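Remarks on the overall topology
Each chain, written out:
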Amino acid sequence: MSTQVPKRPSWWAEFALFLRQRPLLWLLPIALWLGLLAFLAWSAVQTPSSPYTYRLDF
Amino acid sequence: MRPRHLLFALLPALVLFALVELVLALLGVEGRGLSRGFDPTASYLAPDPDREGAWVTQMHDGERPETRIPPRDGRRRVLLFGGSNTAAFPPGFLQAELDRRRAPGSPAHEVINLGRAGYGSERVAILFQQALDLLEPDVVVIYSGHNEFVEAGFRAELGERLEGPKGALIEAAGHLLLFHALCDLLRPEEGARGERPRPEQWQWEFDRFAEYTFEQTRAHLERYRINLERMLNAGRRRGVEVVIGTVVSNPLVPPFANNVPAGQAAALERCVAENALALAQVPADLAVLFSDKPEDRLHVNDWRRAARPQLADRTPAVLRPYGGGWEGNLALAPDPTRWSDRVWRILPAWERFHARDLSAEERAAIERAHGHLEAALRHVPDHPLTHFRLGLTSYLLGDASAALEFFDEAARLDRAPRKGNRITNGTVRALAAERPWVRLFDAERLVRERAPGGLIGFELMEDECHLHDRAVERLMVDLAAFLSEPAEAR
C-alpha cells in the first residue's frame, strides 16, 4: 500500500480539463456577453443622428 | 460550482474579448460616439483615407453621402452652415453664380455645403469650430435659426432613449470597440430613418414643450444668441469673412405650442371658448386654414411624392404673383403631379384666402369671428394661436398689414417655434449690427420685399421653414450677388 499523497493537478491542467469537460459553462458567458453587446448596439443604432429624416415614400 | 470553476468559466470570455479589442484597435476601428454630434469633442471631420490632405464629413449617418472636401487649390473657399435649409442650398449652382460674377483676375470659388437637416445652433457651432480649424475657409456663411426647438426636442428624445438601465448599459458599452463594430454591422443602410414617425404624427414632438412658458422659450433662444456669438467671434479670430443670414419663414403656418402658465387656466378656458365661437363662424372651405392639427399642416414630403400622371389633368390652385423678377403663383413649386392629396386639399383654401372673394354673408361671419378672436386675446393677450387666427381674419377683411403683424406676433410668441421669427432674426440683425466686420445677408427682408404685401406664403414655401427647391435657387442668386459685392460697395 502506497503512502504517497496523490499529486494535485496543476492549475493549467485543471483549467484545460474544465474546458474539455464543461464546454457549455465557458461558452455561455461568451454567448451572453456577445448577445448583450449586439442587443445594445442594435438599440443604439435605432436612434437616428438627427430628428429630421425626410422620407419621401409616405 | 466552486469559485475556481467560476473563474474558469469566465476566463475564456475575458481573454477572447480582450483579444478582440486589441485586434480591432490594431485594425483602426474607432468609436463613433453616441452623442449624435452634441458632444463638443465629437469628430465631424476626418482625414479622407482616399486622398492626401482631403477631409470627409462624419455627420450624415448613412442618410446622405458624406461630403468630401479636397485640399485647398487656390480658389476662394466658401463654407455654408445651418440646418436642412442650408443642406438644400445647391453648392454647384451657387459656385457657378459666384464664378459668373467674379472680377477678371480674381480667384474662382469653391462652395462646400456643411448644412445638415435637423441641426440647430448647438451642433452647428461645434461643426463650425472644427471646420474653421481644419478646412481653412475664406468665407463662412451661417444660415441657421429654424431649428432651435427641433434640435432641443431631438436632444430630449436622445435623453429619453439613453435614460434608465438600458441607456446606462449603452453608455458603458460605448467604451468598447466591439460595441462600435457591432453598431457598424447593425446600422441600417440609410441610417435610422425608417424608425421615424410620419410628420403628421408629430404632435408628440410639439408636446415635448407643453409645459414651456414664454420666459423659458426666451431663455432657450438665448442659447441661440450665445452660439451665434461664439461662431462669429471664432470666425473673426480666424480672420475669415463672416456672413450671417436672417432666415426665411412662412408666416401662414400656425404656431406649434400655445401653452399658458397654470395660473391662467381660467383665462385660457375663456380664450379657448372664444376661439371655438370664432371657428364656428368660419366658412367650411376656409376652416382648414384656422386648424393647427398636425394632419392639416403641409410638410416637405407633401410636395415631393412619386409623380402620379393622373394628376396632370387637374387644375392646381392659383395663388399670388411675386415681385422682383421672382415667379409667383406656384411656378417655383414642384410639378403638381408630385403633390400629395393634402396639398390638393389645402391649397384651394389658400386660393380663396388670397382672392378674398367673400360673399356678404361670409364677410359678416368673418367679422363675427374676428370679434370673438379679439375677445379671446383680451383673456390671454399672448396666446399665439389666437394671434395667428386674427392674422387670417384681418387679411380676409382686407387689412393685410394688420394681418402681417398678427402673423409675426404669433410666430414670436410660439413657445416652441419650428421656424425663425422676430426673436431669432432680430438676434441675427443685432449681432451683425454690433460687429462691423460681420456681413448681414438679410434674406428675410429680401424675400419679403418681393412677396405681395410682405406676406410670404406657399408660393415659395413647402412648410413652415423650407423653400421650394426653385425658390432656393432664386435665393442663391441673391446670395451670390451679395457675396460678390466689391468691398468698397459694402
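Keep in mind the model is a prediction, meaning the values are calculated, not measured. (Residues numbered from 1 in each chain as written. Chains lettered and ligands numbered in written order. Predicted model: local features only at pLDDT ≥ 70, side-chain atom pairs only at ≥ 80, totals over all residues. Heavy atoms only, no water.)

The helix and strand tally for chain A stands at 2 helices and 0 strands. For chain A, buried positions account for 34% of its 58 residues. Of the roughly 4000 Å² of accessible surface on chain A, 71% is carried by carbon and sulfur atoms. (Helix = DSSP H or I, 4+ residues; strand = E, 2+ residues; numbered from the N terminus. Buried < 20%, exposed > 50% of the residue type's maximum accessible area, 1.4 Å probe, protein only. Areas by Shrake-Rupley, 256 points an atom, 1.4 Å probe, with all protein chains shown as cover.)

With that settled, consider the environment of Glu-361 of chain B. Mapped onto the elements, Glu-361 of chain B comes out in helix H13 (residues 360-379). The exposed category is assigned to Glu-361 of chain B, whose relative accessible area is 60%.

Residues and elements named next belong to chain B. The biggest cluster of nonpolar side chains holds 42 residues, and the ones touching the most others in it are Leu-289, Trp-303, Leu-347, Trp-350, Phe-353 and Phe-458. Contributing elements (two or more residues each) for this core: helix H11 (287-290), helix H12 (341-355), H13, helix H14 (384-396) and helix H15 (400-413). No other element matches H12, which puts 7 residues into this core. Core analysis: the second largest hydrophobic core is formed by 33 residues, Leu-79, Met-231, Leu-232 and Ala-432 among them. (Core = buried A, V, L, I, M, F, W, Y, C linked by side-chain atoms within 4.5 Å.)

The next point concerns a nonpolar patch on the surface. Among the surface-exposed residues, Trp-33, Leu-36, Phe-39 and Trp-42 of chain A together with Leu-169, Leu-185 and Leu-186 of chain B lie close enough to one another that they form a single nonpolar patch of about 680 Å² accessible area. The set of elements that each furnish at least two residues to the nonpolar patch consists of helix H2 (23-45) of chain A together with helix H7 (177-186) of chain B. The greatest single-element share of the nonpolar patch, amounting to 4 residues, is contributed by H2 of chain A. Examined against the element boundaries, Trp-42 of chain A turns out to sit in helix H2. Trp-42 of chain A sits in the partly exposed class, given a relative accessible area of 44%. (Patch = residues over 30% accessible without salt bridge, like charges linked within 9 Å, V, L, I, M, F, W, Y side chains within 5 Å. Salt bridge = Lys/Arg side-chain N within 4 Å of Asp/Glu carboxyl O.)

If you trace the backbone, Ile-170 of chain B turns up in helix H6 (residues 164-173). Taking C-alpha positions, Ile-170 of chain B is 32 Å from Ile-69 of chain B, a pair spaced 101 residues apart along the chain. Once residues within four sequence positions are removed from consideration, Ile-170 of chain B is found in contact with Leu-40, Ser-43 and Ala-44 of chain A together with Leu-34, Leu-162 and Phe-179 of chain B. (Contact = heavy atoms within 4.5 Å.)

This part covers the packing of aromatic side chains. Between two aromatic rings, the relevant description is the distance of the centres plus the angle of the planes. Under the definition given, this model contains 21 aromatic pairs over all chains. The interplanar angle of 35 degrees and the centroid separation of 6.3 Å between the aromatic rings of Phe-38 of chain B and Phe-154 of chain B together place this pair among those described as tilted. Here the residue Phe-38 of chain B occupies a position in the loop between helix H1 (3-26) and strand E1 (45-47), and Phe-154 of chain B occupies one in helix H5 (residues 148-161), the gap between them amounting to 116 residues. Using a relative accessible area of 0% as the deciding quantity, one classes Phe-154 of chain B as buried. The structure contains a cluster of three or more aromatic residues connected by ring pairs, namely Trp-11, Trp-12, Phe-15 and Phe-18 of chain A together with Phe-8 of chain B. A cation sits over an aromatic face here: Arg-314 of chain B above Trp-344 of chain B, 4.3 Å from the ring centre. (Phe/Tyr/Trp six-rings, centres within 6.5 Å; stacked < 30°, edge-to-face > 60°. Lys NZ or Arg CZ within 6 Å of the ring centre and 35° of its normal.)

Phi is positive for Glu-136 of chain B, close to 50 degrees, though the residue is something other than glycine. With respect to the helices and strands, the residue Glu-136 of chain B is situated in the loop between helix H4 (121-135) and strand E6 (139-143).

The subject of this paragraph is helix H1 (residues 11-21) of chain A. Note: α-helices contain 3.6 residues per turn, so residues at a spacing of three or four share the same orientation. Three or more residues of H1 of chain A are buried, namely Glu-14, Phe-15 and Phe-18 of chain A. Here the buried residues of H1 of chain A occupy an arc of 100 degrees about the axis, which is enough to place them on one side. Facing away from the buried surface of H1 of chain A by more than 90 degrees, the exposed residues are Trp-12 and Arg-20 of chain A. Next to the buried residues of H1 of chain A lie H2 of chain A together with H1 of chain B. (Arc of directions from axis to C-beta.)

As far as function goes, none of this settles anything; it's purely spatial.
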